[in-house]
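Reading the structure
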Amino acid sequence: MIFPVDKIRAFFPSVSRPNAPIFFDNPAGSQVPYSVMDAFSEYFTVMNANQGGTFATSKMTDTMMHNARQKVADFLGATNPDEIVFGANMTTLAFSLSRSLAQTMKAGDEIILTRMDHDANVAPWLRIAEDHGFIVRWVDINLEDCTLDLNTLEGALNDRTKLVATVHCSNAVGTLNPVAQISQMAHAAGALCVVDAVQSAPHVPIDVLALGCDFLLCSAYKFFGPHVGILWGRYDLLESLPAYKVRPAKDYSPYRWETGTPNFEGIFAVGSTIDYIEKIGQDYCMAYSDQFSAYTDRAKSLKMGMEGIRQYEKTLISRLLNVLEGTSGIQIFGITDRTRFDERCPTVVFIHDKYTPHEIAQHFAKHDIYVWDGNYYAVEIMARLGHTEHGMVRVGLAHYNTLAEIDRFGEVLRQLVDGTEDDNRADLSDDSHSDDSHSDDSHSEEASSLAGGINPFDGIPTVSLEASKVRHEFVNYFVFHLKVYFVSIKGYAGIYHSMPQHWDDKFMQVISQNAEKAMNYADDARVYCRAEALNHDDLLP
């Protein structure tokens, strides 16, 4: 199957805009499609209300929350939407879960953590251990390929072990861990298993039942959605564990875990994120249908979509490793064996023997290629690999990235490595980005090549930066009001059959006002562009 990356990129405005940067910072947060952005406008226009009320917008929010839970349950392979808890972020949910689990343990009980985890799946457990006198044991890593040493897990497990916390995919070295095996080992010792799936959710199909864990956490902003944290837990545990909540709040799951008023607009956008992945499965990844015959409907489409993403990203990893291995002075950490790509995600870290990770990241930033440097909160593994001080350079790929972008990355890396050390270091000492960074000829040529040899900006006269900003302002307002107009129509259609009679005239009035605003800004933008082209300021609106 050929993955249609050009079509995929068209869904993402930040990726498909002219002179867009290259986003290789995806493990820190992904880009989002139009539909996710539009969901915010739609929620606020159509159903903006708190849950639990007797009126239409509140009832719509109730329905939306149920639908969003069902979508996320299908995404994670869960069978009960009431096992899906929404929160501010994965870290906040992990602290909440740790505090609850601590109430079921006693001094001297043991927790097992890994040297590979992001600190969000380490610090919450260290904190309760400190507060309650629990003992912490560690799973080590194999230094040669940065995989978990499961022999050290076996050695740490005993009859006092109450919890094993592990990461599904490392946010640093990209290792995809055998969570099903780890869950079995934990359960055999009578312990619970908590999984951080923040970095695996954007890259591989997830099935919590197949993984066999008791809790799994992830964040929607890592898989093309908004800043919303997600906790899946076995329903019996969510119901029986003590939950920290205000007294009037519902005392059954998932509500007993969702403290305060939820981020309704963000949760609605999470549903749109799931819809986007489902569309990938339905439109482009039917070749994987037989592979997921055990699933039906949306759950099957989501698994097919994620498998299509996974297979495409293997081609990206291979090209990236070729580039890094072909560059002098580079040391890569993690799995590089091409036959073992099922054991990793498309996140790669490296160092150079002359330049610090920060210097390398600065160099890329000057060329509009966004990578990360430091430890990215993966404190334990950086210490274990001996790179606490500077960390490493991290390149994190996503399904909207391209081979051409990786080739461009390689060109820019070689410019640094092949240049003179003094000149490059002098250049890297300045953090500021030059104003003409977007006008690099190589970027223009690449954009033209990706567009089939056609430059869509040929023939457009060069205008001043200030004039461009003003015109951009007009166009943005037009697009905004046009979207509001369409959302109001969609909202009207969605609740027409259930709305009170007296709402009808008011809703039609809102639709007319939104249409008028959009047209006014369209007229202003047209007049301004004409005046600018003719150099007649007196024609400005």
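Residues numbered from 1 in each chain as written. Predicted model: local features only at pLDDT ≥ 70, side-chain atom pairs only at ≥ 80, totals over all residues. Heavy atoms only, no water.

Within the protein chain one finds 19 helices and 15 strands. For the protein chain, the residues scored as buried account for 52% of the 541 residues in total. Surface summary for the protein chain: the accessible area is close to 24400 Å², and the carbon and sulfur share equals 51%. (Helix = DSSP H or I, 4+ residues; strand = E, 2+ residues; numbered from the N terminus. Buried < 20%, exposed > 50% of the residue type's maximum accessible area, 1.4 Å probe, protein only. Areas by Shrake-Rupley, 256 points an atom, 1.4 Å probe, with all protein chains shown as cover.)

Our next topic: the sheet that holds strand β15 (residues 392-396). Pairing within the open sheet is antiparallel, and its 4 strands lie in the order β11-β12-β15-β14. This sheet does not close on itself; its edge strands, each paired only once, are β11 (330-333) and β14 (372-374). Direction aside, the axes of adjacent strands within the sheet are offset by 30 degrees on average. Pairing analysis gives 4 bridges linking strand β12 (residues 347-352) to β15, with the strands arranged antiparallel. What sits directly across from V349, in β15, is R394. (Pairing = 2+ DSSP bridges. Axes fitted to C-alpha atoms, helices over the stretch in contact; angles between N-to-C directions.)

Within the open sheet, the 7 strands sit side by side as β2-β10-β9-β8-β7-β3-β4. Their pairing is mixed. One side of each edge strand has no neighbouring strand; the edge strands of this open sheet are β2 (84-87) and β4 (135-139). On average, each strand axis in the sheet is inclined to that of its neighbour by 20 degrees, with strand direction left out of account. With 5 bridges connecting them, strand β3 (residues 110-114) and β4 associate as parallel partners. The residue of β4 that forms the bridge with L113 is W138. Contacting β7 (161-167) and β8 (192-196), helix α8 (residues 179-188) crosses the sheet at an angle of about 155 degrees to β8. (Contact = heavy atoms within 4.5 Å.)

Next up on the list: the packing of aromatic side chains. Applying the stated criterion to the full structure yields 16 aromatic pairs. Seen in terms of ring centroids, F12 and Y276 are 5.4 Å apart; in terms of plane orientation they differ by 90 degrees. Their pairing is edge-to-face. Placement of F12 in the loop between α1 (5-10) and α2 (13-16) and of Y276 in helix α11 (residues 264-284) is noted, with a sequence separation of 264 residues between them. Exposure class is identical for F12 and Y276. Each is buried. Through a chain of ring-to-ring contacts, the aromatic side chains of F11, F12, F224, Y276 and Y400 assemble into a single cluster. Just above the ring of Y255 sits the side chain of R69; from NZ or CZ to the centre is 5.3 Å. A cation over a ring is seen here: R394 above Y376, with NZ or CZ 4.4 Å from the ring centre. (Phe/Tyr/Trp six-rings, centres within 6.5 Å; stacked < 30°, edge-to-face > 60°. Lys NZ or Arg CZ within 6 Å of the ring centre and 35° of its normal.)

The geometry of helix α4 (residues 56-76) relative to α11 is characterised by a closest axis approach of 9 Å and an angle of 40 degrees between their N-to-C directions. Relative to α11, α4 is oriented oblique. In this structure, α4 crosses over α11, and the sense of that crossing is left-handed. For the pair formed by α4 and α11, the contact residues are T61, M64, M65, A68, K71, V72 and F75 on the first element and F264, I267, F268, V270, G271, I274, D275 and I277 on the second. Split into classes, the residues belonging to the contact of α4 with α11 amount to 11 nonpolar, 2 polar and 2 charged. (Parallel < 35°, antiparallel > 145°, perpendicular 65-115°, else oblique. Left-handed = near helix turned anticlockwise from the far one by under 90°. Nonpolar A, V, L, I, M, F, W, Y, C, P; charged D, E, K, R; others polar.)

A separate point is the pattern of salt bridges. Tallied over the full model, the rule gives 21 salt bridges. One salt bridge connects R256 with D251, and the closest N-O pair in it is separated by 3.1 Å. For the salt bridge of E343 with R340, the shortest nitrogen-to-oxygen distance reads 2.9 Å. Using a relative accessible area of 22% as the deciding quantity, one classes R340 as partly exposed. Within the structure, one salt-bridge network assembled from shared partners comprises E110, R137 and R160. (Salt bridge = Lys/Arg side-chain N within 4 Å of Asp/Glu carboxyl O.)

Contact geometry of α4 with helix α12 (residues 297-325) gives a least axis separation of 8 Å together with a crossing angle of 50 degrees. Between α4 and α12, the interaxial angle falls into the category oblique. Considering the relative orientation of α4 and α12, their crossing is right-handed. Contacts from Q70, K71, D74, F75 and L76 of α4 reach α12 at R298, A299, L302, K303 and M306. Class assignment of the residues belonging to the contact of α4 with α12 gives a composition of 5 nonpolar, 1 polar and 4 charged.

Membership of the largest hydrophobic core comes to 119 residues, with the highest contact counts inside it found for L76, L216, F223 and F409. In this view, L76 contacts I84, I206, D207, V208, L216, C218, I230, W232 and K303; residues no more than four positions away in its chain are not counted. (Core = buried A, V, L, I, M, F, W, Y, C linked by side-chain atoms within 4.5 Å.)

Our focus in this paragraph is unusual backbone geometry. At the junction of S253 and P254, the peptide bond is cis and its omega measures out at 5 degrees in the coordinates. Within the secondary structure, P254 sits in the loop between α10 (235-240) and α11. You will see that D297, though not glycine, has its phi angle at about 55 degrees, which is positive. Examined against the element boundaries, D297 turns out to sit in helix α12.

Three- or four-residue spacings in an α-helix give side chains the same orientation, since the helix completes a turn every 3.6 residues. If you check α4, its first and last C-alpha atoms are 30 Å apart, about what 21 residues at 1.5 Å a residue would give, namely 30 Å. Note on α4: the residue one or two positions beyond its end, G77, has a positive phi of about 80 degrees. (Expected span 1.5 Å × (residues − 1).)

Along the chain, R160 turns up in the loop between α7 (150-156) and β7. Along the backbone, R160 and F134 are 26 residues apart, and their C-alpha atoms lie at a distance of 10.0 Å. Apart from residues lying up to four places away in sequence, R160 is in contact with G108, D109, E110 and R137.

Now for the confidence of the model for the protein chain. In the predicted model, the protein chain carries a mean pLDDT of 87, and the fraction of residues at 70 or more is 79%. Across residues 420-426, confidence stays below pLDDT 50; counting only partners more than four residues off in sequence or on other chains, it has 10 contacts. The model gives residues 429-471 a pLDDT under 50, and that stretch makes 33 contacts with residues more than four places away or in other chains. (pLDDT = per-residue confidence, 0-100.)

This paragraph deals with the side chain of T347. As for its position among the elements, T347 is in strand β12. In this structure T347 comes out as buried when scored by relative accessible area, which is 1%. Leaving out residues up to four positions away in the same chain, T347 has contacts with P27, N171, A172, V173, G174, R394, V395 and G396.

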